[in-house]
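Below are the chains, spelled out letter by letter.
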Amino acid sequence: MNETLLIILPLLLGWLLDFFLGDPSRLPHPVVWFGKMISWGEHRLNKGSHRMAKGAMMAVCFILLVFFVMWGFKQLVPSKVLWLIVDTVIIFYCLAGTTLIREVREVFLALDRSLDEGRQQVARIVGRETSQLSAQEVRTAALETLAENLSDGVIAPLFWFALLGTPGMLAYKMVNTLDSMIGYRTERYKDFGCWAARIDDVANYIPARLTALLMVIASGKWSLLKFVWKNGRKHASPNSGYPEAALAGILNCRFGGPHYYFGELFDKPYIGENDRPLTTQDMHTAVRVNRFAEVLMLILILLIKTL
C-alpha cells in the first residue's frame, strides 16, 4: 500500500468517524486511561518537598511513555492494513469536535428549560464553578469552551499528527490531559502542575494561533485578524485567548471576566467590548465556524501530505 495513502486514508476515516459518531461512550478511551495514570501519580507525588521537580518528572515521563509505546507498537504491527486500522482508531479517539459541539448544544437546550439545568450541563465542559452563574455567563462559558477546545480537541491533535503521526497525536492528548487535571495556579497544583502547564503552552502555541486564523477564514471576516492579535494577548493563557478572541470578534460579543476555580477567584481580562446578550443563534454560528475550520485544517494537512 502506498505510504501517502497510509497517512491520508486513516486521517479521512478517523475524522469522518468523529464527525458522525463523536466520542465512543461505551468503549474504553485513551484519555480515561491517561486520567487514571495522572490521578495515580498526583496522589503519590504531590506531597512533601520538591513538588515542582516531581511534577515535572511525572509529566515528562508520561508524555514520553505514551509516545514511545505507540511508536513501538506500530513497529511491531506486521500488516500495513492493520497499521491503517490502528491509525484510524487512534485518530478517531484523539479528535473531539463532534462531542464538544453536542455538549455545547446541550448547554443551550438545558438553559432553555431552566437556569439550574444549564448550570449543571455547562459544568460538564468547563473547569470553573458554575453554581452561581447567570444565564448569560452560562452561555458565555459554553462558547468560550467551544472556541478554546476547537484548538485543544481538533486543530492541535491534527497539527501534531501532521508533524509526528499518531504517536505524536496521542502524546499531545497526554499533554492536554495533564494540563486539564493539574495545570492550575491553585494552592494544590501551582508547583506540582507547573511543568504540565508550561509543556501544554508550548505544545499549543502554534495550533492556537492557527485555530484563530482558520476561524477568521471560515467567517470570511479578514478584518478580524487585527482584533484577534490585539485581544488574544489579553488572556492569562498565552494560547487560549486567540481562538476565544476570534469567536468574540465573529460574534461581536465579550468573553472573559472574573470566575471561581476550586474556590479561588480568578479575574480574567475581558476579550471584546460588546457585552450583549448571547443567543442560541450565536451558538449555531459558532458551530458552523468550528466545522468549517475543521475542514480547512483537514484540507491543509491532506495537501501537505500529498504534495
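Our subject is the structure that appears above.
Treat the numbers as computed from the prediction; the structure is a model and nothing was measured.

1. Concerning the packing of helix α8 (residues 194–219) against helix α10 (residues 241–251)
Then, number 1: α10 packs onto α8 with a crossing angle of 15° between their chain directions and a minimal axis gap of 7 Å. Taken together, the axes of α8 and α10 lie roughly parallel to each other. Between α8 and α10 lies a crossing whose hand is right-handed. For the pair α8 and α10, contact is made by Ala 208, Arg 209, Thr 211, Ala 212, Met 215, Val 216 and Ser 219 and by Tyr 242, Pro 243, Ala 246, Leu 247 and Ile 250, respectively.
Then, number 2: Residue classes in the contact of α8 with α10 are distributed as nine nonpolar, two polar and one charged.

2. A word on the pattern of salt bridges
Then, number 1: Under the definition given, this model contains 11 salt bridges.
Then, number 2: Here Glu 144 and Arg 128 are joined by a salt bridge, their closest N and O atoms 2.7 Å apart. Here Arg 128 lies in the loop between α6 (115–122) and α7 (135–182) and Glu 144 lies in helix α7, a separation of 16 residues in the sequence. Neither Glu 144 nor Arg 128 differs from the other in exposure class; each is buried.
Then, number 3: Measuring nitrogen to oxygen at the nearest pair gives 2.8 Å for the salt bridge that ties Arg 198 to Asp 201. With Arg 198 and Asp 201 both in helix α8 and three residues apart, the pair spans about one turn of that helix.
Then, number 4: For Arg 198, a relative accessible area of 39% gives the class partly exposed.

3. What to know about the environment of Val 228
Then, number 1: Tracing the sequence through the fold places Val 228 in helix α9 (residues 224–232).
Then, number 2: A sequence separation of 71 residues divides Val 228 from Ile 299, and the C-alpha atoms of the two residues are 23 Å apart.
Then, number 3: When near neighbours in sequence (up to four residues on either side) are disregarded, Val 228 contacts Ala 212, Val 216, Tyr 242, Ala 245 and Ala 246.

4. A closer look at unusual backbone geometry
Then, number 1: Positioned with a positive phi, His 50 is a non-glycine residue whose angle comes to about 60°.
Then, number 2: Here His 50 is to be found in the loop between α2 (30–45) and α3 (51–76).
Then, number 3: Although it is not a glycine, Asn 252 adopts a positive phi angle of roughly 55°.
Then, number 4: In this structure, Asn 252 sits in the loop between α10 and β1 (255–261).

5. Re the packing of aromatic side chains
Then, number 1: Summed over all chains, the structure comprises seven aromatic pairs.
Then, number 2: Ring centres 5.2 Å apart and planes at 90° place the aromatic pair Phe 67 and Phe 68 in the edge-to-face group.
Then, number 3: Consider the rings of Trp 229 and Tyr 242, whose centres lie 6.5 Å apart with planes at 45°: the pair is tilted. Placement of Trp 229 in helix α9 and of Tyr 242 in helix α10 is noted, with a sequence separation of 13 residues between them.
Then, number 4: You can call Tyr 242 buried: its relative accessible area is 5%.

So, how was this worked out
- Positions within a chain are numbered from 1, following the residues in the order the chain's sequence is written.
- Per-residue local features are limited, in this predicted model, to residues with pLDDT of at least 70; the limit for side-chain atom pairs, both in listing and counting, is 80 or more; totals at the level of whole chains, interfaces and linings are taken over all residues.
- Hydrogens and water molecules were not included; the side-chain quantities draw on all heavy atoms of the structure.
- Under this scheme, a helix contributes an axis fitted over its contacting stretch, all axes are lines through C-alpha atoms, and angles between N-to-C directions fall in the 0 to 180 degree range.
- Numbering of helices and strands runs from the N terminus, with a helix taken as a DSSP run of H or I at least four residues long and a strand as a DSSP run of E at least two residues long.
- We call two directions roughly parallel when the angle between them is under 35 degrees, roughly antiparallel when it is over 145, roughly perpendicular when it lies between 65 and 115, and oblique otherwise.
- Note: crossing handedness is left-handed where the near helix turns anticlockwise from the far helix by less than a right angle, and right-handed where it turns clockwise.
- It only takes one pair of heavy atoms within 4.5 Å for two residues to be counted as in contact.
- Gly counts as polar in this scheme, as do all residues outside two lists: the nonpolar Ala, Val, Leu, Ile, Met, Phe, Trp, Tyr, Cys and Pro, and the charged Asp, Glu, Lys and Arg.
- One speaks of a salt bridge when a side-chain nitrogen belonging to Lys or Arg is within 4 Å of a carboxyl oxygen belonging to Asp or Glu.
- For each residue, the accessible area found with a 1.4 Å probe, counting protein chains only, is set against the maximum for its type, and the residue is called buried under 20%, exposed over 50%, and partly exposed in between.
- Each aromatic pair joins two rings of Phe, Tyr and Trp (for Trp, the six-membered one) with centres within 6.5 Å, and gets the label stacked for planes under 30 degrees apart, edge-to-face for over 60, and tilted for any other angle.

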